[in-house]
Amino acid sequence: MKLPEATNFIEQIINEELEAGKFESTGNEIHVRFPPEPNGYLHIGHVKAMCINFGVKEKYHGTLNLRMDDTNPAKEDYEYVNSIVDAVKWLGFEYDKLVFASDYYDRLYEIAEKYILDGNAYVCDLSAEEITATRGTLTEAGKESPYRGRSVEENLKLFREMKAGKYPDGAKVLRAKIDMTSPNVNMRDPIIYRIARVPHYRTGGKWCIYPMYDFAHPVSDAIEGITHSLCSLEFENHRPLYNWFVEKAGFPAPRPRQIEFARLNITNTLMSKRYLKKLVDEGFVSGWDDPRMPTIMGLKNRGVPPVALKKFCADVGVAKAYSVVNQAQLDSCIRDELNANAERAMAVINPVKLTVTNYTGEEELDFEINPTKEDGGTRKVKFTGSVYIDREDFSLNPPPKYKRLQKGGTVRLKGAYIVRCDDVKLNKNGEVEEIFCTYFPETRSGSTTPCEVKAKGVVQWVDCKHGVDAEFRQYEPLLKDEEYPDQDYAERLNKNSLKKFFGKAEPYLAESEDNKPFQLMRTGYYKKCTDGGLILSEIVSLKDNFNK
RNA sequence: UGGGGUGUCGCCAAGCGGUAAGGCACGGGAUUUUGAUUCCCGCAUUCGUAGGUUCAAAUCCUGCCACCCCAGCCA
């Protein structure tokens, strides 16, 4: 069989297994899953996990289940499952089936009884504190529970009574009978089921006992016929347990194999759901979809194209080494994508009026919609000689290498003419109120006749008569100076640090009306942004000088 | 101090015994009606460290060092 080329260590493992014929009995089909818990919104860290899983699915023509890992009813809700499905779809990933761990509650219960029948599980009456106390420490072995020796019959009776609601919350748990002296703490008789009278968003009040992740996850994988269960590094210690639960449940080979990879970290970005929730709950941001948030919805609102996110994950790669990726790497992917595909538009954020004194009438100019494209098309922009330019594009005291407009200097109004500044009108405070220029007709954009007049720079503008107002919001970046924020940083967050916000100044947050991101045309904009000096801006609705 | 992992350029990351890919960042130059883009050119004699095996080691062996994860009835 022809094996696809592996681009990371996970695919390498899969190739080796395929080569060894591990999956011949099941037709060499590869099955993966993406298993978020519906207890919050997906963020860019999840995009990496999705890229890996969906990447395997596509490469091996396998199947992928989007599985809601909903075994803790206290935190889960439909609100989150809907947002997850939306996010996956927005990213353009196609899953084969949407499944829920809660779909398997009956089957999971049966398997738990099998564990009991096989002498692999027992009901334990110890309190939570007692269990913790007898678990031992990292260096000392744990002590066996006094209930460990209960007969199969007694365990079965007790477990059924647990299910039937005979005992209060926390009174009993079902435990796996493994090894209290294991150096791996996870193997010291972990809990399989706990009693919790919490209504589940899907099963309602049907159950008062709920399975734990360590049991439910591997068994759900096995039930679905998952071949590769890809998860993050912190589950490495759980792998022996994962295998134990699958084997003792009696699933035949090939059994699912858990493979761990390093999760995504980005400088200046907090990635944990818990802290993102804190930002939302305490009003630091307007919501999970606030454009400063690293959530998928936040990124979307910032105007980040999905393919840029995928490109970023591909660039970052998959490995097992702990790492923190520079935000510049993400920015670069976004800029690349926007540069190649975004429609160009001119916008003036901080306007000052510029009047061309020797121009009369009105004309239509042609603008390329995307100059990087062979035939990106053009649009018409009306020009009347009376325009707004950005205050930053004019200077009374220009710094040494200033390339934009100054008194007596020339500049090209993008797509129009070169103008020379003759005079400036100041207000009482000495601020520029209006700029007066003369234009040179022979410098009209696109003109082939050579002319003497040269411009130092190019400046964008919006026509006073035909330009349209846009609503504009600005944000200050959060975590400006924190290289990589540790968890303490989030703890330190309080109302006083409100001026520090999430994310960094970047030019990609504007969206045009049809939701297509476009590149904001500002001279030097990118440069300034990468210096970290600019504030994050969001154009809420923008109608520039397109003539529709 | 137990167990499980990881250490290759400022940041990611290939490499799997034959003499250090690539991306981001950075520096220099050219083109440019976005100080953007594009385009060249430069950027690890060295792979945590100390030994060993070998004609040959980032790759194999041994010791050491550093960092991460694990003691939820969370996932």
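Since the structure is predicted, the reported quantities are computational estimates derived from the model, not experimental observations.

Cut-off values and rules
Residues numbered from 1 in each chain as written. Chains lettered and ligands numbered in written order. Predicted model: local features only at pLDDT ≥ 70, side-chain atom pairs only at ≥ 80, totals over all residues. Heavy atoms only, no water. Pairing = 2+ DSSP bridges. Helix = DSSP H or I, 4+ residues; strand = E, 2+ residues; numbered from the N terminus. Axes fitted to C-alpha atoms, helices over the stretch in contact; angles between N-to-C directions. Expected span 1.5 Å × (residues − 1). Buried < 20%, exposed > 50% of the residue type's maximum accessible area, 1.4 Å probe, protein only. Arc of directions from axis to C-beta. Contact = heavy atoms within 4.5 Å. Domains from an automatic or database assignment.

**Concerning the sheet that holds strand β7 (residues 209–211)**
Point 1. Strand order across the open sheet formed by four strands is β4-β5-β6-β7, with antiparallel pairing between neighbours. Each having just a single partner strand, β4 (121–124) and β7 make up the two edges of the open sheet. Each strand axis lies, on average, 20° off the axis of its neighbour in the sheet, ignoring direction.
Point 2. The pairing of strand β5 (residues 173–176) with strand β6 (residues 191–195) spans three bridges and is antiparallel. Bridging from a neighbouring strand, L174 pairs with Y193 of β6.

**Focus on helix α7 (residues 213–224)**
Point 1. The end-to-end C-alpha distance of α7 is 16 Å, a good match for the 16 Å that twelve residues give at a rise of 1.5 Å each.
Point 2. By the criterion of burial, α7 is predominantly enclosed, with ten of the twelve residues buried.
Point 3. By the burial criterion, the buried members of α7 are D214, F215, A216, H217, P218, V219, S220, D221, A222 and E224.
Point 4. Just past α7, the residue G225 takes up positive phi, approximately 75°.

**Quick notes on helix α12 (residues 327–341)**
Point 1. Given a rise of 1.5 Å per residue, 15 residues ought to cover 21 Å, and the 21 Å separating the end C-alpha atoms of α12 matches this to within 8%.
Point 2. Among the residues making up α12, those that are buried are Q327, L330, D331, C333, I334, E337 and L338. Buried positions in α12, seen along its axis, are confined to an arc of 160° and lie on one side of it.
Point 3. As for α12, its buried residues are in contact with α2 (44–59), α11 (306–316) and β10 (343–346).

**Remarks on the domain arrangement of chain A**
Point 1. Domain boundaries assigned for chain A yield domain 1 (119–211) and domain 2 (344–467).
Point 2. A C-alpha centroid distance of 74 Å is found between domain 1 and domain 2.

**Thoughts on unusual backbone geometry**
Point 1. Following A253, the chain continues into P254 via a peptide bond in cis, with omega recorded as 0°.
Point 2. On the secondary structure map, P254 appears in the loop between α8 (239–248) and β9 (257–261).
Point 3. At N28, a position not held by glycine, the phi torsion is positive, near 55°.
Point 4. You can see N28 is positioned in the loop between α1 (9–19) and β1 (31–34).
Point 5. Residue N268 is not a glycine yet carries a positive backbone phi of 60°.
Point 6. Tracing the backbone shows N268 in the loop between β9 and α9 (273–281).

**Topic: the environment of E113**
Point 1. Relative to the helices and strands, E113 is located in helix α4 (residues 105–117).
Point 2. Note on E113: relative accessible area 12%, which makes it buried.
Point 3. A C-alpha to C-alpha distance of 8.8 Å links E113 and R160, two positions 47 residues apart in sequence.
Point 4. For E113, the contacting residues outside a window of four places in its chain are L156, F159 and R160.

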